[in-house]
Structure formats: C-alpha cells, structure tokens
Amino acid sequence: MSEPNTMPMIFDVEKIREDFPILKREVNGKPLVYLDNAATSQKPQAVIDCIVDYYSNYNANIHRGVHTLSQEATDAYELARRKIQNHFNIKFAEEIIFTSGTTHGINIVSNGFASILKAGDEVLVSAMEHHSNIVPWQMLCKKTGATLKVIPMNEDGVLILSEYEKLLSTRTKLVFVNHVSNALGTINPIQQIIEKAHTAGAAVLIDGAQACSHIKADLQELDADFYVTSAHKMCGPTGIGILYGKKSWLEQLPPYQGGGEMIKEVTFEKTTYADLPHKFEAGTPNVAGGISFGAAIDYLNEIGFDAIKAYEDELLAYATEKLLEIDGLKIYGTAKDKTSVISFNLDGIHPYDVGTIVDKLGIAVRTGHHCAQPIMDFYNIPGTVRASFSFYNTKEEVDRLVSAVSKAQMMLS
Ligand code: C6P
C-alpha cells in the first residue's frame, strides 16, 4: 500500500485511541498508561474482530481439505501472506515463511547453517542484540566450530562501522544485526551493513522485531538475505511472525522440523520435501494468527508509516526533554537515529523499584536487562527502566510518566 504523501497529515491520536479497547481500562485505580510497546503492542478492534470472525465463521485446518471452510481459511491465510509480501516489498510470496515469531525465525536459519558452516568460519553479531539473536548463533558455533565475533558499539549505543569493516574477511560467512535495538532504540544503518557484508561475501540476517512497528522495511531495496519479525510488535497477535529469506537461501537450507505439510512424498525409505514456503511450515499453523497479522498490516498502513514515525518522533523528543529535567536521570541510548524507546536509570535507585512504583500509578514500563544482557554489561548496570512509546500514546501520558518517575525518586531516595 502506498503512503499518502500529497496532503499534510492530520494525526488524530484521540480517534486512534478509540480503536484500542484496552486503553480504556484502569490499573490500580488509575487510567492505564501503556508504555511497554517494545515488549508487545496493544491490539486494535479490527485485529480482535478478525480473530473472532475466523473462529466464529470459518475455523478449519488449511491446505488440506476440499470442504468450503477449509478453502475459505486457506484463502484468507494465503491472502495474509500476500499482504505481508506487499508490505515488505518481497519479490516472491514463497520467500515468506510463517513462524511463531522472531525467535523461531532466527532458529530456523541458525539450524540450517549447521550444515553449511565449518571450523574456521566466522560469524559477526552486533554488541546490541537481543538474546534471540545471540544464543542460537552461539549454539551454531558450538556445533560447527565456527567463531562468533562482536561488532562493538560506542557510549551512545551506535555501532562502530570502522570496527565492523575490520572484522569482515573472507572467513566471514554470516552477519546478524537488529534493525532497531530493543533496549536502546538505536536504528542501525542496515543498508550499509548489508552492502559491506555482501562485498565480503557474507550473508546477512536482520532482526526486525523492533523496527516493524515504526519503519516500513523494503526488503528488495535492502537486499537482506534474511529478515525476521513478530506480528505482536506491530498490533498483531502473539504466536505468529515471519522469516523472510531469499529463495536461493531457503532452497539451500534444510527443513527445521519434519511433519505434515512439509513433504511431497513419504515412504519408510525416504521423504521428499515440499516446495517453499511449505518446506519450513510443518504441522498445523497458527491460522487465526496469520490472518489477523494481515489485518494488523492493513490497520497500520491505513494510518501510514510516515505519519506514525513523525508522531512518534515528536513524542520521543518531548519525553526525552521532560525526563532529562529530572535530576540524576540518565538515558542509555542516545543515537541520533532512534525509535521512540527511552531506557533510563535514576542515580542510586534500582530500575525494578522505579517500575514497581510507577505501576502503582497505572503506568506500564519494562524494567531489567530486556533480554539484552551484553548491553547492560557494556554500561555496567543491572538493567534500566524502559519506556517505549507507540503512535497511540500522548504527551499527557508522557507527563504522567515524568511525574510518576519524580515521585518514585522522592520515595526511594
Ligand atoms: N523483545 C522486549 O521487551 P519474540 O519473543 O520471538 O517475538 O521476539 C524476540 C525478540 C527478538 N529481537 C528483538 C530485537 C526483540 O526486541 C525481541 C523481543 C521484547 O524487548 C520481549 S523480550
């Protein structure tokens, strides 16, 4: 779907908030302020209705039955795949593998590379990855004897590209980097990272879990070999996501799981595998999840990613300025290019304590290491308080956060 670009955008956040039933609820007697969008986004009524409609009217297993319900469900599921194809500008629909989420997608690729990598090969990971984009590769290195090397970052939470270039060599077989850091909000220069990796002959996997709700990635333009993401970060349901892989790679990698639907023919002597994407989609999939992922993509595109980014940038600037007015508050992740995520700590106060007090005031933030322990080690801190904003948040909610954090500071000092 194309972005509206001729008229100035009127971003009616109050109207948008009406689409999200959960935003009407109270927590601890206070109106909910939901600022944990990086963990999972809230769901608009259109997505909730889509799930209810599927289970109420055409629930069936897909790709299997000739009966009407099965055909309706199959058509809706495959239509969702095409919506995802259009959204990410993917060349072939069969390059989209439905997964249970980002973690699953990364594991399909890391498992597949076990038959490709060998001792002496190197793989590069960035210093600001989520554990999902570290642990599967460590497991792969253990299996194959390949070496994992780390692309360092600076104090602002920005990758040091000159160091990245030094790490690249003919031994480098794979590079995996997130599009956006979940703990810092840094938007990584993935186009440059991909180009440099390709020049060295390495393939690249981009973890798009944190980017997908803020940025519309054009996968043909980026030329990534693999791109993974989760629907639940972009207003869709949990338990569904995609692995995009270039056809040439997906044809080369072995299947991840064996079972129904991923075969052409089975005998006790031998099995031949189905064509893409089914080779990687064993078993009954999350049908409702896939279909409603499509509904979430429709919903976001109706608002428009340009409008979403512009509004969220404004919220980020406002929240950054207001939070920094609190004495002793330090923000981690100060890249120029970042999404609406603010990780911070109050001097001498544990993030968990701040999170607990602001929750009593109806505000949901995440505290801890955010499944990115190496980042916390880099800053020598146990964790942070993370406020992550979405397009349905408001400046009034930012004000409530700032006042709650100030209150927590008074109570805990
Ligand atoms: N980050 C957060 O609070 P799954 O759980 O498979 O949908 O996504 C894993 C994942 C992978 N990469 C990045 C960059 C992520 O942010 C996440 C999920 C959540 O930051 C939950 S830990």
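Everything quoted here is computed from the prediction, not taken from an experiment.

> Where do I start with the overall build of the protein chain in this structure?
Looking only at helices and strands, one finds 14 helices and 17 strands in the protein chain. The C-alpha radius of gyration of the protein chain comes to 22 Å, within 12% of the 22 Å expected for a compact globule of 413 residues. Its C-alpha atoms give the protein chain principal-axis dimensions of about 70 × 55 × 45 Å. Counting over 413 residues, the protein chain shows a buried share of 55%. In the protein chain, the share of contacts with a sequence separation of at least 24, taken over all contacts with a separation of at least 6, comes to 71%.

> Mind showing me how you'd approach the environment of Ala310 here?
Considering the arrangement of structural elements, one finds Ala310 in helix H11 (residues 305-324). Judged by relative accessible area, Ala310 falls into the partly exposed class, the value being 46%. A sequence separation of 15 residues divides Ala310 from Glu325, and the C-alpha atoms of the two residues are 23 Å apart.

> So what exactly am I meant to see when it comes to the pairing of strand S9 (residues 226-230) here?
In the case of a regular strand, side chains alternate between the two sheet surfaces. Counting buried positions along S9 gives 5 out of 5 residues, so the element sits mostly inside the fold. Taken together, the 3 bridges between strand S8 (residues 203-207) and S9 define a ladder with parallel strand orientation. By the bridge assignment, Asp207 is partnered in S9 with Val228. One ladder, built from 5 bridges, connects S9 with strand S10 (residues 241-245); its direction is antiparallel. Across the sheet, the residue bridging to Phe226 is Gly245, located in S10.

> In this structure, what is going on with a negative patch on the surface? I would like to understand it.
Side chains of Asp12, Glu14, Glu396 and Asp399 sit close together on the surface and give a patch of like negative charge. With respect to the helices, strands and loops of the structure, Asp399 is situated in helix H14 (residues 395-412).

> Teacher, can you tell me more about the nonpolar core here?
In this structure, Tyr164, Val175, Phe293, Ile375, Phe389, Phe391 and Leu401 are the most contacted members of the largest nonpolar core, which totals 111 residues. Here this core spans two domains, and each of domain 1 (13-38 + 304-408) and domain 2 (50-301) adds at least three residues to it. Other than its neighbours up to four places away in sequence, Tyr164 contacts Leu124, Ile151, Val175, Ile193, Lys196 and Ala197.

> Explain the packing of helix H12 (residues 351-360) against H14 to me, please; I cannot follow it from the model alone.
For any two helices packed against each other, the geometry comes down to the angle between their axes and how far apart the axes lie. Running from N to C, H12 and H14 point in directions that differ by 120°, and their axes come no closer than 9 Å. Considering the angle they form, H12 stands oblique to H14. Like other packed secondary-structure pairs, H12 and H14 cross with a definite hand, here right-handed. Where H12 approaches H14, its residues Asp353, Val354, Ile357 and Val358 are matched on the opposing element by Ala404, Val405, Ala408, Met411 and Leu412. Among the residues forming the contact of H12 with H14, the class breakdown is 8 nonpolar, no polar and 1 charged.

Rules of the game
- Residues numbered from 1 in each chain as written.
- Predicted model: local features only at pLDDT ≥ 70, side-chain atom pairs only at ≥ 80, totals over all residues.
- Heavy atoms only, no water.
- Helix = DSSP H or I, 4+ residues; strand = E, 2+ residues; numbered from the N terminus.
- Rg over C-alpha atoms; globule rule 2.2 N^0.38 Å.
- Buried < 20%, exposed > 50% of the residue type's maximum accessible area, 1.4 Å probe, protein only.
- Contact = heavy atoms within 4.5 Å.
- Pairing = 2+ DSSP bridges.
- Patch = residues over 30% accessible without salt bridge, like charges linked within 9 Å, V, L, I, M, F, W, Y side chains within 5 Å.
- Areas by Shrake-Rupley, 256 points an atom, 1.4 Å probe, with all protein chains shown as cover.
- Salt bridge = Lys/Arg side-chain N within 4 Å of Asp/Glu carboxyl O.
- Lys, Arg positive; Asp, Glu negative; His and termini not counted.
- Charge placed at Lys NZ, Arg CZ, Asp CG, Glu CD.
- Core = buried A, V, L, I, M, F, W, Y, C linked by side-chain atoms within 4.5 Å.
- Domains from an automatic or database assignment.
- Axes fitted to C-alpha atoms, helices over the stretch in contact; angles between N-to-C directions.
- Parallel < 35°, antiparallel > 145°, perpendicular 65-115°, else oblique.
- Left-handed = near helix turned anticlockwise from the far one by under 90°.
- Nonpolar A, V, L, I, M, F, W, Y, C, P; charged D, E, K, R; others polar.

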